[in-house]
Amino acid sequence: MAPLAVHIKHAGKVFDVELNPDLPPTAFKEAVYQVTGVPIDRMKVMVKGGVLKDDTDWKRVAPKAGQTFMVIGAAGELPQTTRKARNMNESEMAQVLAMPVGLKNLGNTCYMNATVQAMRAIPELRIALGTSSPLDYLPSFLHVLRQVVPQFAELDRSKAGMLSGYAQQDADECWTQITNALKEVPGIDGSGASVSGKKFVDQFMSGEMRRELKCDEDENEPPTVSTERVLKIECNISNTTNYMHTGIMDALNQKVEKNSPLLMREAIYSQTSRMSRLPSYLTVHIVRFAWRRDIGKKAKIMRKVKFMTEFDALDIVTPELAQKLTPASRRLKEIEKERSERRKVRKRTKVAQSAAPAPTATQSDMNVDEPQAAPSATAPGELEEEEGLVDPSLKEDLGCTIVTHKGAQADAGHYIGFVKKSVFHSGNSVNDSSPSFDEDDEDWYKFDDDKVSIFPKDKLGTIDGGGEDSSAYVLLYKSKTLA
């Protein structure tokens, strides 16, 4: 059912709000709180037959567009975001409007919100979707997702009744299903136009994995080699895993048991997997949920696993590809080190300039040296050197988005998305109206459903895991640009 425009009457004032009969009454009460300031625990919304309760069936209430609801309760302070908006000047308001928007939780949909925000950080995907066939006829993304993948329409079995709500889902499974659906989106060329015969996922998100299987118990058996397209690599977590790199290598080097055609019995094989082609966007899945036979359900592995914001892919590629990557990788690291030093100088220069007193009239007439400008991000000829060193398909990877899981249970908890600010505000950003961006700003945006805030880079270590707080779960690494 479509949302209804209704009225709220409280303390002699009338407010306009939106009522969505497809959402539980708590969502409507939250909307009432946003405009009246009446806390939900002290709020009474009068409906036909009494007071609106959290488990009231909207079908019994039968709300209509334009209907007025009486609200009783002492109003407290308005929500912080509302108070801030009323007290902001034009400059502060412009900064807030420049921030990306969040997505409202429609009932255990944080897994989808975090996934969509992470994929939104791929500007090429935004361009490809804009040039493909229009999708205006679709009622809503969530509705279609639940139709195409019925798993995401499962109800929460822990609560009884018709209003139990939808169950929490796995963000990695949502990521996989959306990526599979994107396989039909056409690819794009350098100008952003659609390219016939090329698909977006194959062009930007798909890599090629080479797997070699060798028998450990019979040296005479020749190894078998196969290749396959992959959309992500996995990071396994064991009792000794402390770093994401270690978990990835454990997943790429495995022991498997299979039938040996020469030995005519089950034998142990060493399976070595390496990527023969790196995608422009590499997805890493940290496997935090595993099936436990003793309790008969999935459980979360809460071990702390440190991840890198910059991921050097040399160790996960084939020897042939590594040979091509090594010279460029070595020089790129040197260039990045030089850039880092210049970044530090720029920061010190900005601090010194902001702390320096404004020149007086007497000083302006004196023959004084002008303050030196901070060094630029790139040295003369540096970009040209990088262009000569790096083939577009052989660049190092740079982390740009993270999806985390918060909580101790695999089928519950809360998902949050993290995206680098530079994705939205610099170069080929996803925010066309973004203001000028400080190239030294390395902070991130935190997408907690519809609450968007700035997340300092220094706090990234707090989402490594190790407890019930947010733990990195799905990471998207973007190939390093030359700009």
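Structure shown above.
Keep in mind that this is a model prediction, so the values were computed, not measured. (Residues numbered from 1 in each chain as written. Predicted model: local features only at pLDDT ≥ 70, side-chain atom pairs only at ≥ 80, totals over all residues. Heavy atoms only, no water.)

## Quick notes on the overall build of the protein chain
Looking only at helices and strands, the protein chain features 14 helices and 21 strands. Looking at the 483 residues of the protein chain, the share that counts as buried comes to 39%. Here the protein chain has roughly 27100 Å² of accessible surface; of this, 52% comes from carbon and sulfur atoms. (Helix = DSSP H or I, 4+ residues; strand = E, 2+ residues; numbered from the N terminus. Buried < 20%, exposed > 50% of the residue type's maximum accessible area, 1.4 Å probe, protein only. Areas by Shrake-Rupley, 256 points an atom, 1.4 Å probe, with all protein chains shown as cover.)

## A short note on the environment of lysine 478
Assignment of secondary structure puts lysine 478 in strand β21 (residues 471-479). Separated by 78 residues in sequence, lysine 478 and cysteine 400 have C-alpha atoms that sit 6.3 Å apart.

## Observations regarding the environment of glycine 37
Tracing the backbone through its elements, the reader meets glycine 37 in the loop between α1 (25-36) and β3 (44-47). Through-space distance from the C-alpha of glycine 37 to that of glycine 76 is 5.4 Å; in sequence the pair is 39 residues apart.

## A closer look at the side chain of aspartate 57
Structurally, aspartate 57 can be placed in the loop between β4 (50-51) and α2 (58-61). For the buried aspartate 57, no salt bridge is present, and the opposite-charge side chain at shortest range is arginine 60, 4.9 Å distant. Within polar-contact distance, the side chain of aspartate 57 engages the backbone nitrogen of lysine 59 at 3.0 Å. (Lys, Arg positive; Asp, Glu negative; His and termini not counted. Salt bridge = Lys/Arg side-chain N within 4 Å of Asp/Glu carboxyl O. Polar contact = N/O pair within 3.5 Å; in protein donor to acceptor, adjacent residues only side chain to side chain.)

## Observations concerning the nonpolar core
Judged by nonpolar contacts, the single largest core of 39 residues is most densely connected at Phe200 and Tyr415. Among the elements that line this core, the one with the most residues is helix α5 (residues 110-120), at six residues. If sequence neighbours within four positions are ignored, phenylalanine 200 has contacts with Ile122, Glu124, Leu125, Ala128, Val185, Pro186, Gly187 and Met205. Val284, Ala322, Phe455 and Leu460 belong to the second-largest nonpolar core, a separate cluster that totals 33 residues. (Core = buried A, V, L, I, M, F, W, Y, C linked by side-chain atoms within 4.5 Å. Contact = heavy atoms within 4.5 Å.)

## A look at α5
For α5, the buried fraction is high: nine of the 11 residues fall into the buried class. If you check which residues of α5 are buried, you get Cys110, Tyr111, Met112, Asn113, Ala114, Thr115, Gln117, Ala118 and Met119.

## Some thoughts on the sheet that holds strand β2 (residues 13-19)
Consider a sheet: its strands pair through backbone hydrogen bonds, and that pairing is either parallel or antiparallel. What the five strands build is an open sheet, ordered β2-β1-β5-β3-β4; its pairing is mixed. Each edge of the open sheet carries a strand with a single partner, namely β2 and β4. Summarising the sheet, strand β1 (residues 4-10) and strand β5 (residues 68-72) pair through three bridges and their orientation is parallel. For lysine 9, the partnering residue across the bridge sits in β5 and is methionine 70. This element, α1, spans β1, β2, β3 and β5 of the sheet and lies at about 145° to β2. (Pairing = 2+ DSSP bridges. Axes fitted to C-alpha atoms, helices over the stretch in contact; angles between N-to-C directions.)

## Quick word on the sheet that holds strand β9 (residues 224-230)
On the basis of which strands lie adjacent, the open sheet formed by four strands has the order β9-β8-β12-β11 and antiparallel pairing. Each edge of the open sheet carries a strand with a single partner, namely β9 and β11 (253-260). Here the average twist between neighbouring strands, direction ignored, is 35°. By the bridge criterion, seven bridges tie strand β8 (residues 207-215) to β9 in an arrangement that is antiparallel. By the bridge assignment for β9, leucine 213 is matched with threonine 224. Relative to the sheet, helix α10 (residues 244-252) contacts β8, β11 and β12 (265-277), its axis offset from that of β11 by approximately 15°.

## Quick look at the packing of aromatic side chains
Enumeration over the complete set of coordinates arrives at 11 aromatic pairs. Between the aromatic rings of phenylalanine 418 and phenylalanine 455, the centroid separation amounts to 4.9 Å while the plane-to-plane angle is 65°, which identifies the pairing as edge-to-face. One end of the pair, phenylalanine 418, is in strand β18 (residues 414-420); the other, phenylalanine 455, is in strand β20 (residues 451-455), and 37 residues separate them in sequence. Ring centres 5.8 Å apart and planes at 75° place the aromatic pair phenylalanine 424 and tyrosine 445 in the edge-to-face group. You can see phenylalanine 424 sitting in helix α14 (residues 421-425) and its partner tyrosine 445 sitting in strand β19 (residues 444-448), a full 21 residues away along the chain. No difference in accessibility class separates phenylalanine 424 from tyrosine 445, as the two residues are buried. The ring of tyrosine 166 carries arginine 146 above its face, with NZ or CZ at 3.5 Å from the centroid. Taking NZ or CZ as reference, lysine 258 lies 4.6 Å from the ring centre of tyrosine 269, over its face. (Phe/Tyr/Trp six-rings, centres within 6.5 Å; stacked < 30°, edge-to-face > 60°. Lys NZ or Arg CZ within 6 Å of the ring centre and 35° of its normal.)

## A look at helix α7 (residues 141-148)
Within the span of α7, buried status applies to Leu142, Leu145 and Arg146. For α7, the angular spread of buried residues about the axis comes to 95°, placing them on one side. Every exposed residue of α7 that faces more than 90 degrees away from the buried side is listed here: Gln147 and Val148. If you follow the buried residues of α7, they end up packed against α5 and α8 (171-181). (Arc of directions from axis to C-beta.)

## A closer look at the pattern of salt bridges
Scanning all chains against the criterion turns up 10 salt bridges. The salt bridge involving lysine 451 is made with aspartate 450; its shortest N-O contact spans 3.9 Å. Among the residues examined, lysine 451 registers a relative accessible area of 57% and is labelled exposed. When its relative accessible area of 39% is taken as the criterion, aspartate 450 is described as partly exposed.

## Topic: the environment of aspartate 55
Mapped onto the elements, aspartate 55 comes out in the loop between β4 and α2. With 31 residues separating them in the primary sequence, aspartate 55 and proline 24 have C-alpha atoms 7.4 Å apart.

## A closer look at unusual backbone geometry
Backbone geometry places alanine 11, a non-glycine residue, at a positive phi of 55°. Counting through the fold element by element, alanine 11 comes out in the loop between β1 and β2. In this structure, methionine 264 is a non-glycine residue whose phi angle is positive, near 60°. Tracing the sequence through the fold places methionine 264 in the loop between β11 and β12.

## Brief notes about a nonpolar patch on the surface
Taken together, the side chains of Met46, Val51, Met70 and Ile72 present a nonpolar region at the surface, about 310 Å² in accessible area. Exposure remark for methionine 70: the relative accessible area of 39% places this residue in the partly exposed category. (Patch = residues over 30% accessible without salt bridge, like charges linked within 9 Å, V, L, I, M, F, W, Y side chains within 5 Å.)

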